[in-house]
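Residue strings, one per chain:
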Amino acid sequence: MSGRLEIDGPLPGARFGATVRLDRPLGEATPEGLPQALADAGGLLLIPGRTEIGPAPALLVELSRLFGPEVEDYRNLLIGRHMVHETQPEILLVTNTVPGARPPPALPDPPLTADGKFPVQYPHRRGWHTDQSYRRPPPDISLFYAAVPVDRTRGQTLFASGILAYEALPPALKARVDGLQGLHAQPGSGRGRKEALAGTPPRAFAPHERSQPQPVVRTHPVTGERALYLCEYSQMDWFEGPFVGMQPGPHGDGAALLDELMAHYTRPEFVYVHEWTEGDLLIWDNRCLIHTATWYDPEKDRRVMWRTTVGGNPGPLYAGERKSWIPLDQAAV
Ligand SMILES: [Fe+2]
């Protein structure tokens, strides 16, 4: 049975996104209208109150399948098994509760803006990225479920609309980024801006770990809208990039352009700040927005979030490509 949706947009305090209420719990009805609602809302949906997912994680995987044919099996990626859900390998654990888990991001420095506000804009706020942009083709959609969120004053997730940001670019900047490609690197691969600034030589790459070029302006394969597609410190390649064909490195022309574009992309009027409540489910479209995580207290707070990633419709630019992140000896020919 198809479930009915009550859609209310934009999200509070933002110019994009929508809140969706379902008439029945997941498992009793299939909310088939969600992919269209996601496209209509500029790529971000909040579905509150989905606590039925906690005891039945397969519901999250089933829901993910509505958004595309390829729901990632995290056992196939180069991440520790401890970061993968025990019974549902399509669920990545974003948590501080397992040994070896990634710590939360640092607090911005200074913690507040000059006028006492929560900082959202780059470079004061860092960590802005679109999921797994270091892969070709990159994934389309992410679903993120709050199993155990931290208090609403911290551990927020911030989103910036690449559609709104692109529309508002001054014409001269639009002309500069048209046809330009960014070079995206896997965080932790030693190709980030921090390493480049420190002069740490990058380690050698296996072919499937290589940084990947992506268009700075992507055309959405469903809506036809154009959106900025870009990351910053740790998810761009700061040795050969950040842009293909521009002066590379952290002090070059490419760095200056990236700083200008990211500061524009994350202007407060293009941003939504989500404060989490248990049972919240956020669904976002990586093809047209970026997001970042914020600090929580790793000593006192316990946080368990579940993420799935869906691919299969990156657009004609990627048609027929072999997946870049799978070692050649494991790739299906
Ligand atoms: Fe992410």
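Residues numbered from 1 in each chain as written. Predicted model: local features only at pLDDT ≥ 70, side-chain atom pairs only at ≥ 80, totals over all residues.

## Section: the overall build of the chain
Alright, step 1. When you go through the chain residue by residue, the secondary structure sums to six helices and 15 strands.
Alright, step 2. What you see for the chain is a C-alpha radius of gyration of 19 Å, in line with the 20 Å of a compact globule of 333 residues.
Alright, step 3. By its C-alpha atoms, the chain is 55 × 55 × 45 Å across when sized along the principal axes.
Alright, step 4. Counting across all 333 residues of the chain, residues that qualify as buried make up 41%.
Alright, step 5. Counting contacts in the chain only where the partners sit at least 6 residues apart, residues at least 24 apart contribute 77% of the total. (Helix = DSSP H or I, 4+ residues; strand = E, 2+ residues; numbered from the N terminus. Rg over C-alpha atoms; globule rule 2.2 N^0.38 Å. Buried ≥ 20, exposed ≤ 12 C-beta atoms within 10 Å, placed from the backbone. Contact = placed C-beta atoms within 7 Å.)

## Thoughts on the environment of Gly100
Alright, step 1. Residue placement: Gly100 occurs in the loop between strand E5 (92-95) and strand E6 (141-148).
Alright, step 2. Each C-alpha atom, one on Gly100 and one on Phe67, is 31 Å from the other, the two residues being 33 residues apart in sequence.
Alright, step 3. The residues touching Gly100, leaving out its near neighbours within four places in the chain, are Gly80 and His82.

## Some thoughts on the nonpolar core
Alright, step 1. Counting 73 residues, the largest nonpolar core has Leu44, Leu45, Tyr145, Ala160, Leu228 and Tyr265 as the members making the most contacts within it.
Alright, step 2. With residues near it in sequence (within four places) discarded, Leu45 still touches Gly17, Ala18, Val20, Leu34, Ala37, Leu38 and Ile283. (Core = buried A, V, L, I, M, F, W, Y, C linked by C-beta atoms within 7 Å.)

## Regarding the pairing of strand E2 (residues 18-22)
Every regular strand shows the same layout, with side chains that alternate between the two sheet faces.
Alright, step 1. Across four bridges, the pairing between strand E1 (residues 5-8) and E2 is antiparallel. Within E2, the residue paired with Asp8 across the bridge is Thr19.
Alright, step 2. Looking at chain direction, E2 and strand E3 (residues 44-47) are connected through two bridges and run parallel. Residue Thr19 lies in a different strand from E3, and its bridge partner there is Leu46. (Pairing = 2+ DSSP bridges.)

## Some points on helix H6 (residues 253-265)
Residue pairs three or four apart in sequence face the same way in an α-helix, which turns once every 3.6 residues.
Alright, step 1. In this model H6 runs 18 Å from its N-terminal to its C-terminal C-alpha over 13 residues, within 8% of the 18 Å that 1.5 Å per residue would give.
Alright, step 2. Along H6, the positions that sit buried rather than exposed are Gly254, Ala255, Leu257, Leu258, Leu261, Met262 and Tyr265. Considered in projection along H6, the buried side chains sweep an arc of 160 degrees and stay on one side of the axis. Exposed residues pointing more than 90 degrees away from the buried face of H6 are listed as Asp253, Ala256 and Glu260.
Alright, step 3. Contacts from the buried residues of H6 go to strand E7 (157-161), helix H3 (162-167), helix H4 (171-177), strand E11 (226-228) and strand E14 (289-293). (Expected span 1.5 Å × (residues − 1). Arc of directions from axis to C-beta.)

## Looking at the sheet that holds E14
Alright, step 1. Pairing is antiparallel in the open sheet, where three strands are placed in the order E12-E7-E14. Across the chains shown, the open sheet's two edge strands, defined by having one partner strand only, are strand E12 (271-274) and E14. When strand polarity is set aside, the average angle formed by the axes of neighbouring strands in this sheet is 20 degrees.
Alright, step 2. Pairing of E7 with E14, which is carried by five bridges, proceeds in the antiparallel orientation. Following the sheet pairing, Ala160 is matched in E14 by Ile290. (Axes fitted to C-alpha atoms, helices over the stretch in contact; angles between N-to-C directions.)

Bear in mind that shape data such as this cannot, by itself, settle questions of function.
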